[in-house]
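Commentary on secondary and tertiary structure
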Amino acid sequence: MGQLSSRETHGVGSSFPSPSRSGLNNGGQNGTSHLYRPGYLWQIFKHRRARNFRNSSKGCRLDVLEKFPDLYLLPPEIGIEVLKNLNATDLCLAACVWSDLANDEMLWEGLCKNSWAYCTAYKSWKDEGKSFKKLYLLLDEGSLTFNAEPLWGMKYLFENHILDDNASEIAMFFHGTNQLVWQKVRQYLNTRNDVLDELLKLQSFKNQFLPNALRKFFQAVDAPISRGEYLNLLIDKFAVRFCNDNPDIALVPEIVAILCYSLILLSVDLTSPQVKNKMSKREFVRNVRSAVVEYSRQHAQGNIQLQNRRGMPQENIGPIQAIAAVDSDFAGHLYDNIYLVGHIAPQRWKDDQG
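**A short note on the overall build of the chain**
The number of helices and strands found in the chain is 20 helices and 0 strands. Across the 354 residues of the chain, 41% fall into the buried class. Here the analysis covers contacts within the chain between residues at least 6 apart in sequence; of these, 62% occur between residues at least 24 apart. Surface accessibility of the chain: about 20100 Å² in total, with carbon and sulfur atoms responsible for 52%.

As structure tokens, then:
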């Protein structure tokens, strides 16, 4: 077969001239006015569809490039919208064909903020005229390094001025990304309680049912696999924040912590295939009520002894009102939530991804 003519290569008739690349960029009438001529784009797609139909009826194999029009034939705004659907790898490949469009700063800025909603560099990167494609590569390298060794990853981000070594900045970075292995984040937070405090400040549990609030908390801060000091630290901080966000509830942080441990144990009991005899609703209600009553009794006795030693009147002796707040109906609703919604602390990512 002979070589294809220019009109066959572009897939449009001679009455539809191919725009020059410079014309797409300068926006002048000489370069792009025909693109906006009424019916021009429709004629392109109509002609291409008709030719593809003829080829397919003859048993010809349709090449991908024959079915997808050259983006340079479209207005740049439409080309950009098409390329917005690509990830970073595909966008780099597209740049081999459509360099001007695929290297657009708006595309790479969008990719950065889709994967890392916040970093310190966003505040000045655009004003300094730096490339968002370069920023994406730096953030990607920093994240990969963090997932291998958290301290090295943070050092990389600090040294390249991507992130400030500040607890609030680090917490906002963790809060807005899905590129980190959360077992590594947990490992880093073990060494930076100040970052954990700032990360907790980004959460709001106002007017939320306790199991839903705890589930939201563990989605932001990855729950440890086993019980230990780190879990105790998380529960204590959550209980204080939950009570501060909901001052009208008749609960104190210590009672909330007891309820949180009860919910965790119930989640494991109901979801673990290794547990054959599941805890019933009646058993859960009885256990929760007993734990709350026992804590309130011990707390009240301790306060009475302290007030007697100090010669103070026996009033405001503790969270006795919590016994009434955590009644059978309330405890039953806790059980129903776990039974219907699921585990209170699902793993954000599997451990084998670390």
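**Thoughts on the packing of aromatic side chains**
Across all of its chains, the model carries 14 aromatic pairs by this definition. Seen from their ring centres, Phe217 and Phe218 are 5.4 Å apart, and the 50° between their planes marks the pair as tilted. With relative accessibility at 1%, the residue Phe218 sits in the buried group. Aromatic rings pair up to connect Phe205, Phe217, Phe218, Phe238 and Phe242 into one cluster. In this structure, Lys113 is placed above the aromatic ring of Tyr122, and the distance from its NZ or CZ to the ring centre is 5.3 Å. The aromatic ring of Trp125 is capped on one face by Lys130, whose charged end is 4.8 Å from the ring centroid.

**Structural notes on helix H17 (residues 253–271)**
The end-to-end C-alpha distance of H17, which contains 19 residues, comes to 27 Å, matching closely the 27 Å that a straight helix rising 1.5 Å per residue would cover. Where burial is concerned, most of H17 is hidden: 14 out of the 19 residues are buried.

**Quick word on the pattern of salt bridges**
Under the defined criterion, the tally for this structure stands at 11 salt bridges. One salt bridge in this structure joins Lys126 and Glu109, with 3.4 Å as the shortest N-O distance. Taken together, the residues span a long stretch of sequence, with Lys126 in the loop between helix H9 (105–115) and helix H10 (132–148) and Glu109 in helix H9 at a distance of 17 residues. Take Glu109: its relative accessible area is 15%, and that puts it in the buried class. For Lys201, the salt bridge is made with Glu198, and the minimal N-O distance between the two is 3.3 Å. Within this pair, Lys201 and its partner Glu198 are both found in helix H14 (residues 193–201), separated by 3 residues, close to a single helical turn. For Glu198, a relative accessible area of 23% corresponds to the partly exposed category. Connected via shared salt-bridge partners are Glu109, Lys113 and Lys126.

**Observations regarding the environment of Cys260**
Among the secondary structure elements, Cys260 is positioned in helix H17. Here Cys260 falls in the buried class, since its relative accessible area comes to 0%. As for Cys260 and Leu210, which are separated by 50 residues in sequence, their C-alpha atoms are 8.2 Å apart. Beyond its immediate sequence surroundings of up to four residues, Cys260 is in contact with Leu210, Leu214, Ile235 and Phe238.

**Description of helix H13 (residues 182–189)**
Of all the 8 residues making up H13, 7 are buried; the element is thus mostly covered by neighbouring parts of the structure. Tucked into the core, H13 has its buried residues touching H10, helix H11 (150–159), helix H12 (167–175), H14, helix H15 (210–220) and helix H16 (229–245).

**Digging into the side chain of Arg215**
Its location among the elements puts Arg215 in helix H15. Buried and without a salt bridge, Arg215 has Asp336 as its closest oppositely charged side chain, separated by 12 Å. The residues touching Arg215, leaving out its near neighbours within four places in the chain, are Asn337, Ile338, Val341, Gly342, His343, Ile344 and Pro346.

Analysis parameters
Residues numbered from 1 in each chain as written. Predicted model: local features only at pLDDT ≥ 70, side-chain atom pairs only at ≥ 80, totals over all residues. Heavy atoms only, no water. Helix = DSSP H or I, 4+ residues; strand = E, 2+ residues; numbered from the N terminus. Buried < 20%, exposed > 50% of the residue type's maximum accessible area, 1.4 Å probe, protein only. Contact = heavy atoms within 4.5 Å. Areas by Shrake-Rupley, 256 points an atom, 1.4 Å probe, with all protein chains shown as cover. Phe/Tyr/Trp six-rings, centres within 6.5 Å; stacked < 30°, edge-to-face > 60°. Lys NZ or Arg CZ within 6 Å of the ring centre and 35° of its normal. Expected span 1.5 Å × (residues − 1). Salt bridge = Lys/Arg side-chain N within 4 Å of Asp/Glu carboxyl O. Lys, Arg positive; Asp, Glu negative; His and termini not counted.

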